[in-house]
Amino acid sequence: MSHWRLIATTLKRNGICSLTKKNVNRKAFLPCRNYVSPGATEPFLSGSNSSYVEEMYYAWLENPKNVHKSWDLFFRNTTAGTVPGQAFQSQLPDFSGGKTSLIQSHGLTKSLGKAEKLVEDHLAVQSLIRAYQIRGHHVAQLDPLGILDADLDSFVPSDLITTIDKLGFYGLYESDLDKVFQLPTTTFIGGNESMLSLREIIRRLEILRSLFHRVAVVKVEALVDGRFEDFLARKWSSEKRFGLEGCEVMIPALKTIIDKSSEMGIEYVIMGMPHRGRLNVLANVIRKELEQIFCQFDPKLEAADEGSGDVKYHLGMYHERINRATNKKITLSLVANPSHLEAVDPVVQGKTKAEQFYRGDTEGKKVMSILVHGDAAFAGQGVVYETFHLSDLPSYTTNGTIHVVVNNQIGFTTDPRMARSSPYPTDVARVVNAPIFHVNADDPEAVMYVCNVAAEWRNTFNKDVVIDLVCYRRRGHNEMDEPMFTQPLMYKQIQKQVPVLKKYADKLIADGTVTLQEFEEEVADYDKICEEAYARSKDNKILHIKHWLDSPWPGFFNVDGEPKSMTCPPTGISEGMLTHIGNVASSVPLEGFKIHGGLSRILKGRLEMTNNRVVDWALGEYMAFGSLLKEGIHVRLSGQDVERGTFSHRHHVLHDQDVDKRTCVPMNHLWEQQAPYTVCNSSLSEYGVLGFELGFAMASPNALVCWEAQFGDFHNTAQCIIDQFISSGQAKWVRHNGIVLLLPHGMEGMGPEHSSARPERFLQMNNDDSDAFPQFDGDFEVSQLYDCNWIVVNCSTPANYFHVLRRQILLPFRKPLIIFTPKSLLRLPEAKSSFDEMVSGTSFRRVIAEEGPAAETPGEVKRVIFCTGKVYYDLIKERKNQDLEKEVAITRLEQISPFPFDLLKVEMEKYPQADLVWCQEEHKNMGYYDYVKPRFRTIVNHTRPIWYVGREPAAAPATGNKNAHLVSLRRFLDTAFNLEAFEGKMF
């Protein structure tokens, strides 16, 4: 038997279970739970102590001199076969069958007791160290005001040493203070030393408890940036600015993070933060020109850009500069955001992911993100949790984010005890095991130390890390707010609080680090810079929001220095390309890849369609994506279950039925030279994931970024992103974005929650004027699209779906695109398109006019029904059943907004004698009715009546009863085709 096996077997026999340690090819040991020692009990071999014993054993194996002599004795005896309870004895048992020689004398018994005491003392010291690691935060002085406990708990663990008389808690005594103990590898207090005296261990633990006081020297000029707030207060005392007073240290903290990250190779930092301190960050971290900030306080400043603009403490910024600490180029982007706290978090992460993707930065070594939070929002907003849960998902990870929490210890007027149930506001970060540093913001040296460590952590391990800056808010929620109404005691203390700049300056002067004259000169220099910028700001009479862009697209809007032409080329492609894409979509590009039998039938069906020159919905989408990839456009499709498709129609990721986790994405095998296709199932999140994809789409205009809801109505849990970013982002921040929302929609008797994508909400937020017929000099379609805030379509054919996806990229600008996608039409035989509708020269059809017998004799048509989406197929079926194909024309609105005034005017004038009817399957108070009604009236100039046919108003979007659904469908179809006694309702 080998030496190592003998030791392992002996230890096993004596109650110590063997296991393999990954980094050492030897056997370690832990106490067996079912073993009862025949000798004395060994409590030190159970629980957390076992890991310490294991560490000692490995050290002993390397060299017996590495451990205390008591451990040497113990391991020698145990290895020789002695049970742990007797292993402290100085002689080994005789395994040869003879009598065991045990030590009986009183003197040797006392030696045995001493040896056992030494082992127990070592374990006690380990427990002491562990107590500080786990519960030391309870006694840390985190609150600069000294009145609150940052963790909402005044409990101070009795086992933490603050006075010598508490040594007895561990079975240690004052006489043990100068004894030397082996340090466990789970602590770094020893530095290069492996053994320390108990006195020195306690001293170092006390220092650690206070987060390494005085280990980092803070440059005076870094703290002087806090004078920015004083300057604003002097010049605009009655203006809201959401100042940083009480946490001025955040500015040098962010600079330290950026400096250290730059030193470690980071070239681009993308930041998100709320309004508090934002102007200071823009001025002193991003380095926005001060006069550009100061001029925004002028009430007479005129806006030069289209749109509404936004308040100064919501604006973003993009800036490239040289980092002074490293002399390296650094790019900084602060993303614009609304007042909705934490909503910007996933947006920043998405933009960061995109910038990493386009740079090939798969490990996050070049691009990183910093998120600044408020304590109440970090604990209270669910999107924080959603964003954390994206942090380690393959298609969403940004390889680590540094989170900085400005912990004011208050949320507007709400006390922390009423604002969260967790001890700390940062506890949400524990779900991803992120290190969390709690630090007193009035201790600049401790803050700088923590920031350096956090930056090193993120850039070494590429994982999230959190810094909790425990501070205070010198003023109210804003400068006009009175905090004494609700927090009188806190604000009495704040009024007495010496600002951190003066406090730290006094300390440095007292230490002799700087002189009073040097400090005053530094302050005077900064004040002079601000005054000079203030004087220049008076010359600025016009505000250009475009100068505050957080994501510029250089060269996109111009060609050779000239603005792009406001036209859009045809969106069709060659038949050869259609055939090629169809063939790949019908195949499995990898050899020896076994797919599911049902999927084989689906691929066979695709091949038959390709051979017959037709496409269904899934194949039409494949054609759009594939052709864009050929043109160098990255396509990204994200959302719940998008790889297969909620309705099992897409199948963009194939799974080998015999090999676990082996997958194939045929879309990435279309061409030798093509852009990459990314299709990724998301976590079960809408708010976080949609925000992420919006951020991804911000990074580049040359990408088609799509987010698909599992069902259309699920977008309402992401309503904040839709309202605050997508619909209004360009108006507020002059920021184009081409994100595509795919929202399954249709009344099919499936119940209230899986029917409506709530089109009425998107249409209500469109900015076109319902009472004015648009007038344009150039291309009506493109000019109208350029003026709108987003595009809303409900395609009734795969060909039109194909075209609208391609048009999204071929337009000379970017607008969000909302597509209400079908469910039952995915497999409806009538809902297929010919290649003829997709080949070169064809384009998206905003309106599909009647093309049947009614169009040939328009003068004989008695009724024109206008509709959109799936209901068209119900209408044509009913029209055929009633043999009314000559009397009733049916026209489809494919693009609902911006409203196709020009094309619908032509259609209405084509049928001068016909009734005009709007028909929808949605309830009257939902869907499209309220949007189209005034626009139809504008077209006819109130000279012809227009009638409504559809379901009656209701509270729920749809019924959950199949029979009720069919009855209501039958009712409005009968009304639509009753030409004798029309029962529709006039607009």
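As the structure is a computational prediction, the values presented were derived from the model and not from experiment. (Residues numbered from 1 in each chain as written. Predicted model: local features only at pLDDT ≥ 70, side-chain atom pairs only at ≥ 80, totals over all residues. Heavy atoms only, no water.)

Undergrad: Outline the packing of aromatic side chains, supporting the account with residue identities and numerical values.
TA: Taken as a whole and assessed by the stated rule, the structure comprises 36 aromatic pairs. On the numbers, 4.7 Å between centres and 70 degrees between planes, the contact of F242 with Y313 is edge-to-face. One end of the pair, F242, is in the loop between α7 (227-235) and α8 (250-263); the other, Y313, is in the loop between β6 (302-303) and β7 (317-323), and 71 residues separate them in sequence. Of the residues examined, F242 reaches a relative accessible area of 6% and is grouped as buried. Three or more aromatic residues link up through ring pairs in this structure, and these residues are F773, F866, F899, F901, W918, Y928, Y931 and F936. Taking the ring centre of F556 as reference, the NZ or CZ of K564 above it sits at 4.0 Å. Sitting over the ring of Y786, K815 keeps its end group 5.5 Å from the ring centre. (Phe/Tyr/Trp six-rings, centres within 6.5 Å; stacked < 30°, edge-to-face > 60°. Helix = DSSP H or I, 4+ residues; strand = E, 2+ residues; numbered from the N terminus. Buried < 20%, exposed > 50% of the residue type's maximum accessible area, 1.4 Å probe, protein only. Lys NZ or Arg CZ within 6 Å of the ring centre and 35° of its normal.)

Undergrad: Lay out the packing of helix α21 (residues 617-630) against helix α27 (residues 798-810) in plain terms, naming residues and giving numbers.
TA: α27 packs onto α21 with a crossing angle of 25 degrees between their chain directions and a minimal axis gap of 8 Å. It follows that α21 is roughly parallel to α27 by the angle criterion. Where α21 crosses over α27, the handedness of that crossing is right-handed. Only P798, Y801, F802, L805, R806 and I809 of α27 make contact with α21, whose side of the interface consists of W617, G620, E621, M623, A624, F625, S627 and L628. A per-class count over the contact of α21 with α27 returns 10 nonpolar, two polar and two charged. (Axes fitted to C-alpha atoms, helices over the stretch in contact; angles between N-to-C directions. Parallel < 35°, antiparallel > 145°, perpendicular 65-115°, else oblique. Left-handed = near helix turned anticlockwise from the far one by under 90°. Contact = heavy atoms within 4.5 Å. Nonpolar A, V, L, I, M, F, W, Y, C, P; charged D, E, K, R; others polar.)

Undergrad: Quick one: what's the story with helix α31 (residues 929-940), residue by residue and with numbers?
TA: Counted at 1.5 Å a residue, the expected span for α31 with its 12 residues is 16 Å, and the 16 Å between its end C-alpha atoms agrees. When you tally the buried positions in α31, you get nine out of 12 residues, the bulk of the element. Of the positions making up α31, those classed as buried are Y929, Y931, V932, P934, R935, F936, T938, I939 and V940. Where the residues of α31 are buried, they touch α25 (759-764), β27 (863-867), β29 (895-897), α30 (901-910), β30 (915-923) and β31 (946-951). Phi for N941, located one or two positions after α31, is positive at around 55 degrees. (Expected span 1.5 Å × (residues − 1).)

Undergrad: Break down the pairing of strand β8 (residues 328-334) for me, citing the residues and quoting the values.
TA: Here β8 lies mainly inside the structure; five of its seven residues are buried. One ladder, built from four bridges, connects strand β5 (residues 268-272) with β8; its direction is parallel. Within the sheet, the bridge partner assigned to I270 lies in β8 and is S333. As judged from the seven bridges shared by β7 and β8, these two strands associate in the antiparallel manner. What sits directly across from M317, in β8, is L334. (Pairing = 2+ DSSP bridges.)

Undergrad: Provide a residue-level description of helix α11 (residues 344-359), including the pertinent values.
TA: Along an α-helix, residues three or four positions apart point the same way, because every turn accommodates 3.6 residues. With 16 residues, α11 extends 23 Å between its outermost C-alpha atoms, agreeing within 8% with the 22 Å of an ideal straight helix rising 1.5 Å per residue. A large share of α11 lies buried, amounting to 13 of its 16 residues.

Undergrad: Give me the pairing of strand β10 (residues 401-407): which residues, what numbers.
TA: Among the seven residues in β10, seven count as buried, and that is most of the element. What you see with β10 is no split at all: T401, H403, V405 and N407 on one side and I402, V404 and V406 on the other are buried throughout. Sheet analysis places strand β9 (residues 367-374) next to β10, joined by six bridges and oriented parallel. Along β10, the bridge assignment pairs L371 with H403. Note: β10 against strand β12 (residues 465-470), six bridges, orientation parallel. Pairing of V405 across the sheet is with D468, part of β12.

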